[in-house]
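Here is how the chains run, residue by residue.
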Amino acid sequence: MRPADLFYEFPGFAAGAIPVDLLGLTDDSRRVGPGFVFVAVRGVNLDGHQFMAAAAGAGAAALVGEDPDPDLGLPYVRVPDSRRALGRLAAAWHGHPARKLVMVGVTGTEGKTTTATLIHSILRAAGHSVGLITTVQAALGERIEDTGLHVTTPDAMDLQAYLAEMVRAGLSHAVVEATSHGLAQGRLEGCDFDVAVITHIEREHLDFHGTVEAYQEAKAGLFRSLSETPAKTFAPERTAILNRDDSSFPTLEAATSVRVVSYGKSTAADVRLESVVESAGGTSMVIAGPGEPTSVQVPLIGEPNARNATAAYAAGVAALGVAPQVAAAGIAAVRVVPGRMEPIEMGQPFGAVVDFAHSPHAVRRALEVGRRLTSGRVIAVFGAVGMRDPDNRVRMAEASAELADLTVFTADDPRTESIASMLHTMAGAAAGKGAVEGVNFWRIPDRREALRFAVGLARPGDLLMALGKGHEQSMALGVEEYPWDDRTALRAALAEHLGIPGPEMPFLPQAV
């Protein structure tokens, strides 16, 4: 790439100072080769500015960073935020693919993956060629790539590469799950969104954002961006899809200057969820507006998925111009979202599901759904993520003590924290709500043994709920990531219990 084509959006930098065509762009000094641009990014544990000399020694053609020029004899671009600069440079490197696509972004504390998947299905039902990027997978036309190994929004280079692949495949639309980390870290710079959707906002990720206000501000950035990039002649009117029932509504409405379409149960909502009927086979609802009320069936379990479907319907019908009945057909076509209230069937006489619920609010909502879906007992298996807001583990344990009949506390990405200490905190919280250890709840650090134990507890008609890991493909123990899939592990535990062939239980080292 010619330097002028990469740096044309960086006023004040003379791209002519770089005498060679550029051969690569990276923020990893270990990947630098001759002709590369190295962008120094400050991370949680490492500061990329410390590796500028290494990048120069590896043959970098230019450096980008926030600090003063390191005087390494190379052209240097100083920027106020190198993460956001990397996003803009990545978009330019790949030819600004988002400017050639109708871009839909979905954010929120929970329900992002499900809502994005439903919008993707609605657009497919309408005959559009559409790609999808979520924390579960990237659907890039003919190719599907798993993204479930402890990632949020992909990094800027990968994200723009995915979008460029969609353009090459001839796709017209892209639906992108936008996490708060991805937004705050500028990974979504250069995405030029046309439609932005919020599910809802709860207290979450305060270990990263610091305050609820900062967390909400990260989400608001997606809606603010709708008016900050040029509109596309082929795309619909820029639109913000906001949850009228959520406390975030006034803030997000004020953050955007584009058209707002609200959804929810409120009579003030533009798109209204008017009735919900839950069953073990899915959820039925009626959605009113725009136009006549439409009956919608989503083959996903629980009332929260009715809200996700309403958000997707609002985006499809009110923002993207899909006919109501076509949108309903698209929603009905989604059979399962990996790790989201996903049924696990091995012929056992009780229900079993795996769900990604990993926050207090999500655990409470999942257990409320489980309570409504069974006349038997609800058995919950979950832990708390280490190195995160410690208050979450208390509130999650309290929710389970109140809503589940039986709870097994276990490991869930403890990282370098002591599992025993974390489970001690959760046990104390459950006891504080009147639960009795050995009667209502147990502590089993090894997640494999916790699932086996829970399966052994279950009686016909019960519902066993493995919460927290969902679609994820690894377990973080210490500083290592070990292959792990709750769905495989639960199937293995069920097969062992039933004495039938099944998958092998995944390996985990001894939990401590």
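Predicted model, so just to flag it, every value in this text is computed and none were measured.

Definitions and cut-offs
- Residues numbered from 1 in each chain as written.
- Predicted model: local features only at pLDDT ≥ 70, side-chain atom pairs only at ≥ 80, totals over all residues.
- Heavy atoms only, no water.
- Helix = DSSP H or I, 4+ residues; strand = E, 2+ residues; numbered from the N terminus.
- Rg over C-alpha atoms; globule rule 2.2 N^0.38 Å.
- Buried < 20%, exposed > 50% of the residue type's maximum accessible area, 1.4 Å probe, protein only.
- Contact = heavy atoms within 4.5 Å.
- Areas by Shrake-Rupley, 256 points an atom, 1.4 Å probe, with all protein chains shown as cover.
- Lys, Arg positive; Asp, Glu negative; His and termini not counted.
- Charge placed at Lys NZ, Arg CZ, Asp CG, Glu CD.
- Phe/Tyr/Trp six-rings, centres within 6.5 Å; stacked < 30°, edge-to-face > 60°.
- Pairing = 2+ DSSP bridges.
- Axes fitted to C-alpha atoms, helices over the stretch in contact; angles between N-to-C directions.
- Polar contact = N/O pair within 3.5 Å; in protein donor to acceptor, adjacent residues only side chain to side chain.
- Expected span 1.5 Å × (residues − 1).

Asks: So what exactly am I meant to see when it comes to the overall build of the protein here?
Replies: Along the backbone of the protein there are 16 helices and 23 strands. Compactness check: the protein gives a C-alpha radius of gyration of 24 Å against a globular reference of 24 Å for 512 residues, within 12% of the reference. Each principal axis of the C-alpha atoms in the protein carries an extent, and together these give about 75 × 55 × 40 Å. For the protein, buried positions account for 57% of its 512 residues. Put simply, 65% of the contacts in the protein that link residues at least 6 apart link residues at least 24 apart. When the accessible area of the protein is evaluated, it comes to approximately 19700 Å², of which 52% is carbon and sulfur surface. With 45 positive and 60 negative side-chain charges, the protein shows a separation of 2 Å between the mean positions of the two kinds.

Asks: Looking at this model, I keep getting lost on unusual backbone geometry. Mind explaining?
Replies: Backbone phi values are negative for most residues with the exception of glycine, while trans is the configuration of most peptide bonds. P290 follows G289 through a cis peptide bond whose omega is -15°. Note on placement: P290 falls in the loop between β14 (282-288) and β15 (294-298). Its identity as a non-glycine residue notwithstanding, D71 has a phi of 55°, on the positive side. You can see D71 is positioned in the loop between β3 (62-65) and β4 (76-78). If you check the backbone angles, H96 has positive phi at about 50° while not being a glycine. With respect to the helices, strands and loops of the structure, H96 is situated in the loop between α3 (82-93) and β5 (102-107).

Asks: Sorry if this is basic, but what is going on with the packing of aromatic side chains here?
Replies: Pairs of aromatic rings are described using the distance from one ring centre to the other and the angle between the two planes. Using the criterion set out here, one finds six aromatic pairs in the structure. Aromatic pair W442 and F453: ring centres 5.2 Å apart, planes at 65°, arrangement edge-to-face. Here W442 is found in strand β20 (residues 441-443), whereas its partner F453 is found in helix α15 (residues 447-457), with 11 residues between them in sequence. Residue classification places F453 among the partly exposed residues on the basis of a relative accessible area of 31%. Consider the rings of Y482 and F507, whose centres lie 6.4 Å apart with planes at 65°: the pair is edge-to-face. Residue Y482 is found in strand β23 (residues 480-483), and its partner F507 is found in the segment after α16 (486-498); the two are separated by 25 residues along the sequence. By relative accessible area, F507 is classed as exposed at 55%. Through successive ring pairs, a cluster of aromatic residues spans F7, F10 and F13.

Asks: Honestly, the sheet that holds strand β13 (residues 271-279) in this entry has me stumped. Any pointers?
Replies: Sheets are built from strands paired through backbone hydrogen bonds, the pairs being either parallel or antiparallel. If you walk across this open sheet you meet the 11 strands as β8-β7-β6-β9-β5-β10-β11-β12-β13-β14-β15, and the pairing is mixed. Each edge of the open sheet is held by one strand with a lone partner, namely β8 (144-146) and β15. Each adjacent strand pair in this sheet contributes to an overall mean axis angle of 20°, direction not counted. As judged from the four bridges shared by β5 and strand β10 (residues 195-198), these two strands associate in the parallel manner. Paired with V104 across the bridge in β10 is V195.

Asks: Sorry if this is basic, but what is going on with the side chain of H471 here?
Replies: Relative to the assigned elements, H471 resides in the loop between β21 (463-467) and β22 (474-477). Engagement of the side chain of H471 in a polar contact is seen with the side chain of R340, the distance being 2.5 Å.

Asks: Could you clarify how one ought to interpret the side chain of T294 in this entry?
Replies: If you trace the backbone, T294 turns up in strand β15. Side chain to side chain, T294 and Y313 meet in a polar contact 3.1 Å long.

Asks: For this particular structure, what's the right way to read α3?
Replies: Structurally, the α-helix is built with 3.6 residues per turn, so residues lying three or four positions apart point the same way. The first and last C-alpha atoms of α3 sit 16 Å apart over 12 residues, in line with the 16 Å expected at 1.5 Å per residue. Among all positions of α3, only S82, A85, L86, G87, L89, A90, A91 and A92 are buried. Lining the buried residues of α3 we find α1 (3-6), β1 (24-26), β2 (36-39), β3 and α5 (156-168). Measuring from the side-chain oxygen of the N-cap residue of α3 to the backbone nitrogen of R83 gives 3.1 Å; that N-cap residue is D81.

Everything listed is a geometric property; what it means functionally is a separate question.
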